Amino acid sequence: LLYLADAFIQSYRFPPHSSITAPSDSDSADDEVSPREKMQKNSKGGSDFCIKNIKQAEFGRREIEIAEQEMVALMTLRKRARSEKPLAGAKIVGCTHITSQTAVLMETLAALGAQCRWAACNIYSTQNAVAAALAERGFPVFAWKGESEDDFWWCIDRCVSLDGWQANLVLDDGGDLTHCIYKKYPNVFKYIKGIVEESVTGVHRLYQLSKAGKLCVPAMNVNDSVTKQKFDNLYCCRESILDGLKRTTDVMFGGKQVVVCGYGEVGKGCCAALKALGSIVYVTEIDPICALQACMDGFRVVKLSQVIRHVDIVITCTGNKNVVGREYLDRMKNGCIVCNMGHSNTEIDVASLHTPELTWEHVRPQVDHVIWPDGKKIILLAEGRLLNLSCSTVPTFVLSITATTQALALIELYNATEGRYKQDVYLLPKKMDEYVASLHLPAFDAHLTELTDEQAKYLNLNKNGPFKPNYYRHVSAQSFRIKSTI
């Protein structure tokens with residue numbers, strides 16, 4: 001009787017029609033074959049893509065549908081502008097993280113009239129099932145989780161170099177796509193109407209090009225828009241830092257000593273999350289304003305050399321290079337977890353760990369032990385690349401804010417009259433930031449208070465906004481590099 005009862009329970013819990021398991025990004029026999037060596041076609045016979053496995057498209061479509069529920073503003077924009085087709089004729093080449101949220105953005109751009117070709121900006125962040133779903137819908141996508149460095153640049157090259165297809169807009173995250181075009185295909189910029197960049201690293205590169213007089217098209221700095229800094233960088237990282245660390249190491253945060261390098265919006269989010277779970281958090285900073293903010297938020301601001309020997313976790317989020325060099329890695333305690341929350345993989349000097357005296361031991365996907373001759377080991381996550389998108393996921397609602405801002409920036413550049421934008425880096429107007437924010441308020445059943453005529457006159461404001469001046473920005477060193485506003 002017990003045997004029959006157990007059999008009945010098992011059949012009740014797991015009926016045959018629900019026994020399908022979701023695809024894994026690793027540990028399959030397919031992993032041994034590079035996607036570059038496969039010949040795949042979607043159900044319509046299309047083959048202009050290179051992904052892990054087109055058979056995962058059904059699962060990826062479900063992921064995208066879930067993301068659509070949270071990306072309310074982007075779906076609203078898609079509905080409002082679909083009939084107008086403000087991107088009709090636009091050919092967008094993109095290099096971003098390829099996730100379900102990016103898929104919603106790409107399909108929105110297509111609904112607004114654009115053609116898209118896409119590669120990944122991070123070798124670990126691609127969601128293979130989502131890439132398959134996009135390829136099944138006819139999007140030329142060149143990305144898979146676990147690309148090599150050679151694969152990474154090959155994928156970008158395939159997006160740019162197609163005969164008979166000429167991009168006229170660039171959407172970049174990190175500047176690698178822009179760099180590739182400058183180095184290999186400079187003539188492409190004759191047809192480009194503008195670049196939209198969303199990362200600290202990519203924006204820094206654009207300002208360098210502008211300063212040197214080498215920026216040959218207008219560029220939109222989305223990273224320093226309020227909707228990106230105040231929401232994506234802060235709230236996204238506040239939630240995803242814990243998710244990434246838990247999934248990779250199963251670490252308990254209570255009582256752990258953590259040093260966070262950088263107290264910009266990303267650093268603020270990380271520190272707040274760790275403090276809330278009982279971690280003892282230290283901060284390193286170069287900017288006295290950000291350092292003072294950290295002090296007043298209750299964190300001790302130190303030099304890395306003061307705490308490196310006894311902290312349990314080291315997190316970088318500066319956008320700089322060699323923040324954690326070999327001299328610091330040598331002095332870390334046994335079992336120290338080292339990871340990066342900045343876009344670029346240059347913050348931790350991982351190259352210095354590839355030496356004969358050190359042993360690498362692969363533990364699980366994106367988790368490695370680096371072992372010293374005396375037996376000391378550190379736990380390196382994602383080989384120093386962006387932790388949250390490499391090792392976990394990020395909150396969809398927050399990414400809706402950034403994706404909507406990106407879409408509006410592309411629409412603005414594409415439809416701008418001749419000569420409106422020069423070869424410089426521009427910020428989005430505050431009115432556009434406020435419009436993006438307003439599109440998300442209904443999700444919270446939030447209701448704005450309206451100014452009276454007398455109040456508007458007193459503040460010298462339009463009743464409908466913008467409510468902040470164009471120079472209003474977050475506090476960071478990047479703010480002082482702003483050269484132009486719309």
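About the criteria used
- Residues numbered from 1 in each chain as written.
- Predicted model: local features only at pLDDT ≥ 70, side-chain atom pairs only at ≥ 80, totals over all residues.
- Heavy atoms only, no water.
- UniProt positions renumbered as here; feature names shortened; annotations may be inferred.
- Helix = DSSP H or I, 4+ residues; strand = E, 2+ residues; numbered from the N terminus.
- Contact = heavy atoms within 4.5 Å.
- Expected span 1.5 Å × (residues − 1).
- Buried < 20%, exposed > 50% of the residue type's maximum accessible area, 1.4 Å probe, protein only.
- Axes fitted to C-alpha atoms, helices over the stretch in contact; angles between N-to-C directions.
- Parallel < 35°, antiparallel > 145°, perpendicular 65-115°, else oblique.
- Left-handed = near helix turned anticlockwise from the far one by under 90°.
- Nonpolar A, V, L, I, M, F, W, Y, C, P; charged D, E, K, R; others polar.
- Pairing = 2+ DSSP bridges.
- Phe/Tyr/Trp six-rings, centres within 6.5 Å; stacked < 30°, edge-to-face > 60°.
- Lys NZ or Arg CZ within 6 Å of the ring centre and 35° of its normal.
- Domains from an automatic or database assignment.
- Buried area = accessible area lost by both parts, 1.4 Å probe.
- Salt bridge = Lys/Arg side-chain N within 4 Å of Asp/Glu carboxyl O.
- Polar contact = N/O pair within 3.5 Å; in protein donor to acceptor, adjacent residues only side chain to side chain.

Describing the UniProt feature "binding site: substrate" (unreviewed entry) in the chain
Then comes step 1: UniProt records the feature "binding site: substrate" (unreviewed entry) for Thr 99, Asp 173, Glu 198, Lys 228 and Asp 232 in the present numbering.
Then comes step 2: Along the polypeptide, Glu 198 turns up in the loop between β5 (195-197) and α8 (200-211).
Then comes step 3: Apart from residues no more than four positions distant in its own chain, Glu 198 is found in contact with Asp 172, Asp 173, Val 222, Asn 223, Lys 228, Asp 232, Thr 402 and Gln 406.
Then comes step 4: Of note, Lys 228 is situated in helix α9 (residues 226-249).
Then comes step 5: Residues in contact with Lys 228, not counting those within four places in the same chain, are Glu 198, Val 222, Asn 223, Asn 233 and Thr 402.

Section: the UniProt feature "domain: S-adenosyl-L-homocysteine hydrolase NAD binding" (unreviewed entry) in the chain
Then comes step 1: As recorded in UniProt, the feature "domain: S-adenosyl-L-homocysteine hydrolase NAD binding" (unreviewed entry) lies at residues 233-394.
Then comes step 2: For the annotated span residues 233-394, helix accounts for 33% and strand for 22% of the residues, and the straight-line distance between the end C-alpha atoms is 11 Å.

Considering α8
Then comes step 1: The terminal C-alpha atoms of α8 lie 16 Å apart, and with twelve residues this matches the ideal 16 Å at 1.5 Å per residue to within 8%.
Then comes step 2: Among all positions of α8, only Thr 201, Gly 202, Val 203, Leu 206, Tyr 207, Leu 209 and Ser 210 are buried.
Then comes step 3: Each element contacted by the buried residues of α8 is listed here: α7 (176-184), β5, β6 (219-221) and β15 (425-427).

Topic: the environment of Ala 110
Then comes step 1: Mapped onto the secondary structure, Ala 110 falls in helix α4 (residues 100-111).
Then comes step 2: Once the C-alpha coordinates of Ala 110 and Ile 92 are considered, the two residues, 18 residues apart in sequence, prove to be 9.6 Å apart.

Let's talk about the packing of α4 against helix α15 (residues 396-415)
Then comes step 1: Where α4 contacts α15, the two axes come as close as 10 Å, and the packing angle between them is 30°. Relative to α15, α4 is oriented roughly parallel. Where α4 crosses over α15, the two elements pack in a sense that is right-handed. Where α4 abuts α15, its residues Gln 101, Leu 105 and Leu 109 lie against Thr 396, Leu 399, Ala 403, Gln 406, Ala 407 and Leu 410.
Then comes step 2: Grouping the amino acids of the contact of α4 with α15 by side-chain chemistry returns six nonpolar, three polar and no charged.

Regarding the sheet that holds strand β7 (residues 257-261)
Paired through their backbone hydrogen bonds, the strands of a sheet run either parallel or antiparallel.
Then comes step 1: One open sheet holds the eight strands; their spatial order is β9-β8-β7-β10-β11-β14-β13-β12, and the pairing between them is mixed. The open sheet terminates on both sides in strands that have one partner only, identified here as β9 (300-301) and β12 (359-364).
Then comes step 2: When strand β10 (residues 313-316) meets strand β11 (residues 337-340), the two strands line up parallel, connected through four bridges. Bridge pairing links Val 314 to Val 338 in β11.

Concerning the packing of aromatic side chains
Then comes step 1: The final tally for this structure, using the stated rule, is six aromatic pairs.
Then comes step 2: Note on Phe 397 and Phe 444: the rings are 5.2 Å apart at their centroids and 80° apart in plane angle, and the pair reads as edge-to-face. Highlighted residues: Phe 397 in helix α15 and Phe 444 in the loop between α16 (430-440) and α17 (453-459), separated in sequence by 47 residues.
Then comes step 3: Lying across the ring of Trp 165, Arg 117 places its NZ or CZ 5.7 Å from the centre.
Then comes step 4: For the cation-ring pair, Lys 275 lies above Phe 299, with the distance from its terminal atom to the ring centre recorded as 5.1 Å.

Some points on the domain arrangement of the chain
Then comes step 1: Domains assigned within the chain are domain 1 (7-193) and domain 2 (236-390).
Then comes step 2: For domain 1 and domain 2, the distance between their C-alpha centroids amounts to 30 Å.
Then comes step 3: At the junction of the two partners, domain 1 supplies twelve residues and domain 2 supplies nine residues.
Then comes step 4: Taking both sides of the interface into account, the surface hidden between domain 1 and domain 2 amounts to around 870 Å²; carbon and sulfur atoms contribute 51%.
Then comes step 5: Together, His 97, Asn 122 and Tyr 124 form the three largest contributors to the area buried by domain 1 at its contact with domain 2, with a combined 53%.
Then comes step 6: A salt bridge links Arg 385 to Glu 149; the nearest nitrogen and oxygen atoms lie 2.2 Å apart.
Then comes step 7: Here domain 1 is connected to domain 2 by four residue pairs in polar contact (both at pLDDT 80 or more).

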